[in-house]
Amino acid sequence: MEEHIELSLAHHPDKYVIAGLYLHSGNDGGRWLTEAEFKKLLGYYVELVNENRLVGIRLFSANLFQDNPEYIGWAQEILEQM
């Protein structure tokens, strides 16, 4: 994950970058991120926002929060660190 983001930031050095986080994705119908995966990814993005390396974070897709509302609490916990 870190390598992918670093490559993206290096590829767009003079652009504003917004990170995207999918709650559910992957091949063959995909899978949900575990609590640990979600918190690690979102936490890393928050660190980059706090360092002014990212200008924002998008969580895809809002309707997925309805399917698994525990992600709302996890997101609040991590986003409070901004």
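Scroll up for the structure.
Residues numbered from 1 in each chain as written. Predicted model: local features only at pLDDT ≥ 70, side-chain atom pairs only at ≥ 80, totals over all residues. Heavy atoms only, no water.

Could you give an account of the overall build of the chain, with specific residues and numbers?
Within the chain, the secondary structure is distributed over 4 helices and 4 strands. The N-to-C order of helical and strand elements in the chain reads α-β-β-β-α-β-α-α. In summary, the chain has a C-alpha radius of gyration of 13 Å against a globular reference of 12 Å for 82 residues, a match within 12%. Along the longest, intermediate and shortest principal axes, the C-alpha atoms of the chain span 35 × 30 × 20 Å. (Helix = DSSP H or I, 4+ residues; strand = E, 2+ residues; numbered from the N terminus. Rg over C-alpha atoms; globule rule 2.2 N^0.38 Å.)

Tell me about the nonpolar core, and please be specific about residues and values.
Formed by 22 residues in total, the largest nonpolar core has its most connected members in Leu21, Phe38, Tyr45, Leu54 and Tyr71. Among the secondary structure elements, those contributing two or more residues to this core are helix H1 (2-11), strand S1 (18-22), helix H2 (35-50), helix H3 (62-67) and helix H4 (70-79). Sort the elements by how many residues they give to this core and H2 lands first, with 8 residues. With sequence-adjacent residues up to four places away left out, Phe38 is seen in contact with Leu21, Leu23, Leu33, Tyr71, Trp74 and Ala75. (Core = buried A, V, L, I, M, F, W, Y, C linked by side-chain atoms within 4.5 Å. Buried < 20%, exposed > 50% of the residue type's maximum accessible area, 1.4 Å probe, protein only. Contact = heavy atoms within 4.5 Å.)

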